[in-house]
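# Observations on chain architecture
Here's the letter readout for the chains.
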Amino acid sequence: MKKNQQVSLKILMIGYGTITSALISHIIKLNNVEIVVWTRKRKKDLTDCCLVENVEEALGKNDIDIILSCVPDDTASYEAWNNQYIGKYIKSNHPICIEMSTLSFKYVCTWHEYIEELSGKPVEMPFTGSRKGAKNGNMIVFIFTKYYEDITYFLKIISCKQYLFKSKGEATKFKLLYNFWGASMLRELSLLYPVLKNEFTDFKMVKEIIMNDGWMSLLCKSVIRKAENERVIDFKLKYMHKDVQEFQEIAEKYSFINYDEISKFYLKLVKDLDGEEDFSKAIFGIGGR
């Protein structure tokens, strides 16, 4: 933000990882938005933001409009929102409280109740679009909130599409289904991909077919290119495994969903490989063995 530029929106961002770092790099280009980042690990690349390791300091010096959390799991989210200084600030100032993390359905429903009890304005907002979408302001967000009108400006900054769900927890439930569905398809793709190498003399040609022709080409091209060429981490393998686990409570309602086999597949990947690796490269590194 340029010096002496009037600020119209102040954001406290909880957590600093693949998505939040990309999101920050996009938001800080705007002259009327100020970001304060609360992270327990000091980051050398956070030169354009106010970085604090003490959240009391962040809330004491800034008139925060939005508190935004994007953290790994239920536990991290609970610890952040139940911080005594966060709770006190919400109760006194009634800010917009955005939870962008992909969490469990049960937890998100209790999170809504907790924020409402503090007189905050809860916004459940899991997303898709990964690192690239966050960096370009083209995220696709799934939303449940009673305060949509209060976040329209922020949504214009970070997203290209918004889908509004009608009940608390539904945006999260859909994101979990969406991720599990993708995880299931990627598992099958990775298991069958080596068959192309083993069964056909001209592997280059058949690979060109699956990546460019037919209804599967969009999926194949996207994932295979990324697995082979992408150096930047978009979505870590350990988070794919976590999201599969979070889907279990929904999957158990439907006997036809082969949850156990898919869950074991990703658990094995995490055990055999580095969970910090990008999921697409990890899947194609072990698939078919």
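Below you will find a few notes about this structure. (Residues numbered from 1 in each chain as written. Predicted model: local features only at pLDDT ≥ 70, side-chain atom pairs only at ≥ 80, totals over all residues. Heavy atoms only, no water.)

## Comments concerning the nonpolar core
This is how the line gets drawn: What is meant by a nonpolar core is a set of buried Ala, Val, Leu, Ile, Met, Phe, Trp, Tyr and Cys residues, joined one to another through side-chain atoms within 4.5 Å. Relative accessible area decides the class of each residue, using a 1.4 Å probe on protein chains only: under 20% of the type maximum gives buried, over 50% gives exposed, and in between gives partly exposed. Segments assigned H or I by DSSP are reported as helices when at least four residues long, segments assigned E as strands when at least two residues long, and all are numbered from the N terminus. We call two residues contacting when some pair of their heavy atoms lies within 4.5 Å.
In terms of nonpolar packing, the biggest core is built from 30 residues, with M100, M125, F154 and I158 touching the most fellow members. Only β1 (9-14), α1 (18-27), β2 (33-38), β4 (66-69), β5 (96-99), β8 (139-145) and α7 (152-158) provide two or more residues apiece to this core. Of the residues forming this core, the biggest block, 5 residues, is contributed by α1. Leave out the neighbours within four places in its chain, and M125 touches I98, E99, M100, V141, F142, I143, F154, L155 and I158. Listed in part, the 29 residues of the second largest apolar core include L196, V206, F265 and L269.

## Observations regarding the side chain of D278
For the record, the criterion: For the purposes of these results, a polar contact is taken to be a pair of N or O atoms within 3.5 Å, where, inside protein, one atom must be able to donate a hydrogen and its partner to accept one; residues adjacent in sequence count only when each atom of the pair is a side-chain atom.
When you line up the elements, D278 lands in the loop between α13 (259-272) and α14 (279-286). Residue D278 is classed as buried on the basis of its relative accessible area of 0%. Here the side chain of D278 touches F235 through a polar contact of 3.1 Å, landing on its backbone nitrogen. A distance of 2.7 Å separates polar atoms of two side chains, one belonging to D278 and the other to S280.

## Overview of the packing of helix α8 (residues 170-199) against helix α11 (residues 237-246)
To keep things clear, this is the line we draw: In this description, a line fitted to the C-alpha atoms serves as the axis of each element, helices being fitted only across the stretch in contact, and the angle between N-to-C directions of two axes falls anywhere from 0 to 180 degrees. The hand of a helix crossing depends on one turn: near helix anticlockwise from the far one by less than a right angle means left-handed, and clockwise means right-handed.
Close contact between α8 and α11 brings their axes to 9 Å; oriented N to C, the two are set at 115°. The element α8 and its partner α11 pack so that their crossing is left-handed. The residues of α11 that touch α8, namely those facing L176, N179, F180, A183 and L186, are M240, D243, V244 and E246.

## Some points on the pattern of salt bridges
We count it as follows: By definition here, a salt bridge exists when the distance from a side-chain nitrogen of Lys or Arg to a carboxyl oxygen of Asp or Glu is within 4 Å.
Evaluation of the coordinates by the stated rule reveals 9 salt bridges. The partner of K168 in a salt bridge is E116, and the shortest N-O contact between them spans 3.9 Å. Highlighted residues: K168 in the loop between β9 (159-164) and α8 and E116 in helix α5 (residues 105-117), separated in sequence by 52 residues. Since its relative accessible area comes to 29%, E116 is described here as partly exposed. Among the salt bridges present, the one from E188 reaches R187, with a minimum N-O distance of 2.4 Å. R187 sits in the buried class, given a relative accessible area of 8%. Each of E116, K146 and K168 takes part in one network of salt bridges that share partners.

## A short note on the pairing of β9
Under the convention used in this document: Two strands qualify as a pair provided that DSSP identifies no fewer than 2 bridges between them. A crossover counts as right-handed when, viewed with the strands pointing away from the observer, the path leading from the first strand over the helix to the second turns clockwise.
As paired strands, β8 and β9 are joined by 5 bridges and run parallel to one another. Paired with F142 across the strands is Y163, a residue of β9. For the handedness criterion, the β-α-β arrangement of β8, α7 and β9 is classed as right-handed.

## A closer look at the pairing of strand β6 (residues 121-124)
Pairing of β5 with β6 involves 4 bridges; the strand directions are parallel. Looking across to β6, one finds that C97 is bridged to P122. As for the winding sense of the linkage, the β-α-β connection from β5 through α5 to β6 is right-handed.

## Concerning the side chain of R187
Mapped onto the fold, R187 is located in helix α8. If we skip the residues at most four places from it in the chain, R187 touches E261, I262, F265 and Y266.

## Focus on the environment of S159
Here S159 is to be found in strand β9. Along the sequence, S159 and N138 sit 21 residues apart, while their C-alpha atoms lie 4.5 Å from each other. Here S159 is in contact with G137, N138, M139 and V141, once residues within four sequence places are set aside.

## Regarding helix α9 (residues 203-212)
We apply this condition: Directions from the helix axis toward the C-beta atoms define the arc.
Considered for burial, the residues of α9 that qualify are V206, K207, I210 and M211. Along the axis of α9, the buried positions cluster into a sector of 135°, meaning they face one direction only. Within α9, the exposed residues directed more than 90 degrees away from the buried face are K204 and E208. Phi turns positive one or two residues past the end of α9, at G214, with a value near 90°.

## Considering helix α3 (residues 74-81)
Residues D74, S77, A80 and W81 constitute the buried set of α3. Down the axis of α3, the smallest arc covering the buried residues is 135°, so these residues share one side. Two or three places before T75, at the opening of α3, D73 has a side-chain oxygen 3.3 Å from that residue's backbone nitrogen.

## Notes on the packing of aromatic side chains
Applicable threshold: Note on aromatic pairs: the rings of Phe, Tyr and Trp (six-membered ring only in Trp) are paired at centre separations within 6.5 Å, and the planes decide the class, stacked below 30 degrees, edge-to-face beyond 60, tilted for the rest.
By the definition in use, this model includes 13 aromatic pairs. Geometrically, the ring pair formed by F142 and F174 is edge-to-face, given 5.1 Å between the ring centres and 80° between the ring planes. Of this pair, F142 sits in strand β8 while F174 sits in helix α8, and the two are 32 residues apart along the sequence. An angle of 20° between the planes, with centres 4.5 Å apart, marks the rings of F180 and F247 as stacked.

None of this, on its own, says anything about what the molecule does.
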